[in-house]
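Listed below are the residues making up each chain.
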Amino acid sequence: MTRITVAKGDGIGPEIMDATLDIILAAGAQLDIDEIEVGEKVYLAGNTSGISKESWDSLRRNKVFLKAPITTPQGGGYKSLNVTTRKMLGLYANVRPCTSLHPFVKTKHPVMDVVIIRENEEDLYAGIEHQQTDEVVQCLKLISRPGCEKIVRYAFEYARQYGRKKVTCFTKDNIMKQTDGMFHQVFEEVAKEYPDIENEHWIVDIGAAKLADTPEAFDVIVMPNLYGDVLSDVAAQIAGSVGLAGSANIGEECAMFEAIHGSAPRRAGQNLANPSGLLQGAIMMLNHIGQTDVAERVQNAWLKTIEDGIHTYDIYKEGVSKQKVGTKEFAQAVIANLGQQPSTLKPVSYAKGTTLKLPKYQRKSNGTKELVGVDVFVHWKGTKADELATLLNPVNTPDLKLSMITNRGIKVWPDGFDETFCTDHWRCRFLPANGHPVNSRHIIDVLSKAIDEQIDTIKTENLYAFNGKPAFSMGQGQ
Ligand code: NAD
């Protein structure tokens, strides 16, 4: 018996959760179930996180969470429960298998069988945003070495465990050389430990185009959070329907399993919704807790039901489907097929699919870190960078001297172009004036001179060299 926490959610949530539990329990899942209330009711009762302390206790005790979709009320500062749960429980890996069910579910990609593994905790989703000037807001993109290593290793371990042949990495490291650059570099390093699995890297734009056009070229794809968010929906949709896909959110301690779609409030309470997405999530959960034989029985019965043409309204198609059914009838049909295998679609075998346990991340020893300059960001209403450089002349100190100004990353001084459009947000780079090492006091001297000159400094960003290599971006055009 494994004790799990279940939330029936909002909208179509309770119906699809009941259907899912009926199926997996009929298949022999050995589960003790603790039910918690999360979502709309909790939000509207005044809890802006959508989850109570008692519910957190249940999740942290049981460590396995099967969650139906919830409704996040619009406005009112309600925080997304999904994002909160992923981060609070350290669920760093989001896993979404996207497999077409041709010819039983309409798709342009009959042989698609892709697993998207998305980093789930960092990147732009740190949610650290600031308005800095009248014209400019920023969002910090944070990528960490532990974050990259954990997700990339997870992707290779997943591939090995599920008998997959290739892991592809998508990044935009031609532009984001530090952040996406680290993700790509870690991918290359970790790939060397898995010589039995093919590896490749694509720039995300052309990779996404190829995925949408020729998904059969891919097997497992690993990527940072934002690209993964977008492309996992694309992959699920082109495989047939977002209504059919489930996802797993895996951490070192805890895991959460769900459908990828939302609470579809307009369909709620009508016995219409397709429970397949949540069922796919539940199957991943059964594999995760080691009940692989049950997972296999359920998946094969589900494939057989789809193949029999017993379809809910969302995938029902005249000429292909045989019978249009409601949520409950669909569940009954899957239960009736338990023990059977599909004949056209490929039956699954999860013999090897036991719990995927990764070693805990080991911190690396520190490298050498040297302060080599500072970027001072300035709010200034002028438009000519030369004028700003003149204003900043008195800010130079014997130790640090203005060396470059950029606007939205483009070098505009020295030798800028009149054609470059400039906002009121300027990055002013100060480098050593005399080749001496830089220290924090030198930066403070620059800032206090800037105050004397009534320069509106928004923030500073220290420039470091790690292990002797500059670890910051150049200005575009520099
Ligand atoms: P949605 O996924 O709920 O619905 C999109 C469309 O797909 C609708 O036409 C809906 O009827 C249909 N659909 C979705 N699931 C279906 C199913 N199982 N069977 C049949 N048809 C299905 O997306 P939305 O309308 O943008 O969002 C509705 C609510 O869900 C919002 O409050 C949103 O915040 C929430 N949401 C929750 C989650 C989650 O809890 N994981 C994810 C996405 C959206």
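Residues numbered from 1 in each chain as written. Predicted model: local features only at pLDDT ≥ 70, side-chain atom pairs only at ≥ 80, totals over all residues. Heavy atoms only, no water.

**As for the UniProt feature "domain: Isopropylmalate dehydrogenase-like" (unreviewed entry) in the chain**
Thinking step 1. Per the UniProt annotation, the sites labelled "domain: Isopropylmalate dehydrogenase-like" (unreviewed entry) are residues 3-334.
Thinking step 2. Counting secondary structure, residues 3-334 comes out at 39% helix and 20% strand; the distance between its end C-alpha atoms is 24 Å. (UniProt positions renumbered as here; feature names shortened; annotations may be inferred. Helix = DSSP H or I, 4+ residues; strand = E, 2+ residues; numbered from the N terminus.)

**Considerations on the nonpolar core**
Thinking step 1. The biggest cluster of nonpolar side chains holds 78 residues, and the ones touching the most others in it are Ile24, Leu66, Ile117 and Tyr154.
Thinking step 2. If you tally residues by element for this core, the top one is helix H5 (residues 145-161), at eight residues.
Thinking step 3. Contacts of Leu66, omitting those with residues within four sequence positions, involve Ile4, Thr5, Val6, Ala7, Met17, Leu21, Phe257, Leu278, Gly281, Ala282 and Met285.
Thinking step 4. Leu402, Cys422, Phe430 and Val438 belong to the second largest nonpolar core, which has 23 residues in total. (Core = buried A, V, L, I, M, F, W, Y, C linked by side-chain atoms within 4.5 Å. Buried < 20%, exposed > 50% of the residue type's maximum accessible area, 1.4 Å probe, protein only. Contact = heavy atoms within 4.5 Å.)

**Overview of the side chain of Asn120**
Thinking step 1. With respect to the helices and strands, the residue Asn120 is situated in the loop between strand E5 (113-119) and strand E6 (129-131).
Thinking step 2. Among the polar contacts made by the side chain of Asn120, one reaches the main-chain carbonyl oxygen of Leu91 at a distance of 3.1 Å. (Polar contact = N/O pair within 3.5 Å; in protein donor to acceptor, adjacent residues only side chain to side chain.)

**Structural notes on the sheet that holds strand E16 (residues 400-407)**
Thinking step 1. Here we have six strands laid out as an open sheet, ordered E17-E16-E18-E15-E19-E20, and antiparallel in their pairing. At either margin of the open sheet sits one strand with a lone partner, and together these are strand E17 (410-413) and strand E20 (469-470).
Thinking step 2. Where strand E15 (residues 369-379) lies against strand E18 (residues 425-432), six bridges are found, and the strand directions are antiparallel. Its bridge partner lying in E18, Phe377 is registered against Arg427.
Thinking step 3. Contacts from helix H12 (residues 385-392) reach E15, E16, E17 and E18 within the one sheet, and its direction differs from that of E16 by about 155°.
Thinking step 4. Packed onto the sheet, helix H13 (residues 440-452) meets E15, E16, E18 and strand E19 (456-466) and runs at close to 15° relative to E15. (Pairing = 2+ DSSP bridges. Axes fitted to C-alpha atoms, helices over the stretch in contact; angles between N-to-C directions.)

**Some details on the packing of aromatic side chains**
In this description, an aromatic ring pair is defined by two values, namely the gap between the centres and the angle between the planes.
Thinking step 1. One pass over the full model with this rule turns up 10 aromatic pairs.
Thinking step 2. When the centroid spacing of 6.1 Å and the interplanar angle of 65° are considered together, the rings of Tyr464 and Phe466 count as edge-to-face.
Thinking step 3. Take Phe466: its relative accessible area is 39%, and that puts it in the partly exposed class.
Thinking step 4. The ring of Tyr125 carries Arg118 above its face, with NZ or CZ at 5.5 Å from the centroid. (Phe/Tyr/Trp six-rings, centres within 6.5 Å; stacked < 30°, edge-to-face > 60°. Lys NZ or Arg CZ within 6 Å of the ring centre and 35° of its normal.)

**Thoughts on helix H11 (residues 327-336)**
Thinking step 1. Along H11, the positions that sit buried rather than exposed are Thr327, Phe330, Ala331, Ala333 and Val334. With its buried residues spanning 160° around the axis, H11 presents them on a single face. In this structure, H11 carries Lys328, Gln332 and Ala336 as exposed residues pointing more than 90 degrees from its buried face.
Thinking step 2. Buried residues in H11 make contact with helix H1 (13-26), helix H9 (276-288), helix H10 (292-307) and strand E13 (310-311). (Arc of directions from axis to C-beta.)

**Quick notes on the site of the ligand**
Thinking step 1. Lining the immediate environment of the ligand, one finds 19 residues, of which Asn82, Gly262, Ala264, Asn274 and Tyr313 sit closest.
Thinking step 2. Here an oxygen atom of the ligand and a side-chain polar atom of Lys67 are 3.4 Å apart.
Thinking step 3. Asn82 has a polar side-chain atom sitting 2.9 Å from a nitrogen atom of the ligand.
Thinking step 4. Relative to its unbound accessible surface of 810 Å², the ligand loses 67% to contact with the protein.
Thinking step 5. For the shell around the ligand, the per-class residue count stands at seven nonpolar, seven polar and five charged. (Near = heavy atom within 4 Å. Areas by Shrake-Rupley, 256 points an atom, 1.4 Å probe, with all protein chains shown as cover. Nonpolar A, V, L, I, M, F, W, Y, C, P; charged D, E, K, R; others polar.)

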